[in-house]
Amino acid sequence: MRFGPKLRGGIDLGGTKIEAIVVDAASSVLGQSRHPTPRDGGPDGVAAAMATALAEAATAAGTTTSALAGVGVGSPGLIDPQTGVVSNAKNLPDWGGDFPMGARLADAIGTRVAVGNDVSVAVLGEYELGAGRGHDSVLGVFWGTGVGGGLILGGEQWHGRGAAGEIGHMVVERGGARCPCGNRGCLEAYAGRAAMEAEARKRVRQGEKTRLFKLMEERERTRLTSGIWERALDHGDEMAEELIDRAVKALGAGIASAVNLLDPEIVILGGGLGVRFGEKLGPEIERRMHKSLFNKVHPPQFEVAALGDLGGAIGAALLVA
Ligand SMILES: [Zn+2]
């Protein structure tokens, strides 16, 4: 326990994995652990896996969970930051109702816990420590299973009445593809990994050919991860190219609309697909955005998230800084 109580924990809770870290006062990562999100056991099982992952990260950092100054959690679903209750986390198993995650986790690990929205904390991390440093206004676009967004306006996080930043549900095509949210034509209906996979499965049922699902089986996966999409593109798979191109166009249109409304200094592209494809597709997304900008003379800066895979957990740890 060399560093005493200044060490903090951060947990990024996702639908597929739990990423836990321990950081020092400068937010450098001293220990980390990753576990798959358990599919059985409901919210209690998820909370137990989070406690285990954090304990491993603490051991790797040479400390224990109860010696941490606190632990921040970035979670999907509706969050009550006062109570740490998480509701309606649809990407998590059997989590339709309310669950007192903050309290349950605090009991298990012996220190205080603060809970925030997963995308909000990732944007906070980029703003404080990553690509958004030094900027007063930031639009974060998190391209992954869904398409999430987060806003910093005038140096403050903007939550609206609790539901701001849902860039994935900006309409990019009236009456267009059905979105997982139930509406039609949302950005996420074209660019979200879940929606892209659903579209690929539909096309296969209609007799179209692709290597996507063969690659998925070879990699012993049950869904089309960002790595599988990348491999399919490397193989020149036509369907993968077409669906990624569709996603890129939708992202460009959706981001441009948000920029036209808010005029942020910088757009930061993050998320599983965003980080993986940032270098390859970022410039094309930016070009597509530019086409639909109202003010083409002063476009925002466009950057890929700088904190990478651990960005969500690093941002979560800032909740207890
Ligand atoms: Zn939607």
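Residues numbered from 1 in each chain as written. Predicted model: local features only at pLDDT ≥ 70, side-chain atom pairs only at ≥ 80, totals over all residues. Heavy atoms only, no water.

1. Points about the coordination of the zinc ion
Rules: For Na, K and Ca the donor cut-off is 3.2 Å; for every other metal, N, O and S atoms count as donors within 2.8 Å. Water does not enter the count, which can leave sites looking incomplete. In these descriptions, tetrahedral denotes four donors with every angle between 85 and 135 degrees, square planar four donors and octahedral six donors with opposite donors over 155 degrees apart and the rest between 65 and 115, and irregular any other case. Helix and strand assignments follow DSSP, with helices taken as H or I runs no shorter than four residues and strands as E runs no shorter than two, numbered in order from the N terminus. We call a residue buried when its accessible area falls under 20% of the maximum for its residue type, exposed when it is over 50%, and partly exposed in between, using a 1.4 Å probe and counting protein chains only.
Here the zinc ion is held by the protein donor atoms His 169 (ND1), Cys 179 (SG), Cys 181 (SG) and Cys 186 (SG), which lie 2.0 to 2.4 Å from it. What the 4 donor atoms of the zinc ion show is an angle range of 103 to 118° at the metal, which sorts the shape as tetrahedral. Along the chain, the residues donating to the zinc ion are arranged with the sequence spacing H-x9-C-x1-C-x4-C. In this pair, His 169 sits in the loop between β11 (156–157) and α4 (188–191) while Cys 181 sits in the loop between β11 and α4, placing the two residues 12 residues apart along the sequence. With relative accessibility at 28%, the residue His 169 sits in the partly exposed group.

2. Overview of the packing of helix α1 (residues 42–60) against helix α2 (residues 101–109)
Rule in force here: Lines fitted to C-alpha atoms define the axes here, with helix axes fitted over just the stretch in contact, and angles between the N-to-C directions of these axes take values from 0 to 180 degrees. For classification purposes, angles smaller than 35 degrees are called roughly parallel, those larger than 145 roughly antiparallel, those between 65 and 115 roughly perpendicular, and all remaining angles oblique. A clockwise turn of the near helix away from the far one marks a right-handed crossing, whereas an anticlockwise turn of less than a right angle marks a left-handed crossing. Throughout, a residue-residue contact means that at least one pair of heavy atoms, one from each residue, lies within 4.5 Å.
Two numbers describe how α1 lies on α2: the axes approach to 10 Å, and their chain directions differ by 45°. It follows from the interaxial angle that α1 and α2 lie oblique. Every pair of crossing elements has a handedness; the one defined by α1 and α2 is right-handed. Between α1 and α2, the contacting residues are Asp 44, Ala 47, Met 50, Ala 51 and Leu 54 on the first element and Met 101, Arg 104, Leu 105, Ala 108 and Ile 109 on the second.

3. With respect to the pattern of salt bridges
Here is the rule we go by: Salt bridge, as used here, is a side-chain nitrogen of Lys or Arg placed within 4 Å of a carboxyl oxygen of Asp or Glu.
All chains considered together, the criterion is met by 12 salt bridges. The structure contains a network of salt bridges with shared partners spanning Glu 199, Lys 202, Arg 203 and Glu 242.

4. Observations concerning the environment of Val 267
Turning to its location among the elements, Val 267 is positioned in strand β12 (residues 266–270). For the pair Val 267 and Gly 144, spaced 123 residues apart in the sequence, the C-alpha separation amounts to 16 Å. Setting aside anything within four residues of it in sequence, one finds Val 267 in contact with Leu 139, Val 141, Ile 255, Val 259, Met 289, Pro 300, Gln 301, Phe 302 and Glu 303.

5. Here we look at the sheet that holds strand β7 (residues 98–99)
Here is the rule: If DSSP finds at least two bridges between two strands, the strands pair.
Overall, antiparallel pairing links the 3 strands, which are arranged β5-β6-β7 in an open sheet. A single partner strand is all that each edge strand has here, and the edge strands are β5 (78–80) and β7. Strand direction decides the pairing type here: β5 and strand β6 (residues 85–87), joined by 3 bridges, are antiparallel. From the neighbouring strand, Ile 79 faces β6, where its bridge partner is Val 86.

6. A few points about the nonpolar core
Where a protein is soluble and globular, its nonpolar side chains tend to be buried together. Let me state the cut-off plainly: The term nonpolar core refers to a set of buried residues drawn from Ala, Val, Leu, Ile, Met, Phe, Trp, Tyr and Cys, joined through side-chain atoms within 4.5 Å.
One finds Leu 139, Val 141, Trp 143, Leu 212, Trp 229, Leu 251 and Ile 255 to be the most contacted residues of the largest nonpolar core, which totals 44 residues. If you tally residues by element for this core, the top one is helix α8 (residues 238–262), at 12 residues. Ignoring anything within four residues of it in the chain, the contact list for Leu 251 reads Val 141, Trp 143, Val 147, Leu 187, Ala 191 and Ile 285. By size, the runner-up hydrophobic cluster in this structure holds 29 residues, among which are Ile 11, Leu 68, Leu 92 and Leu 105.

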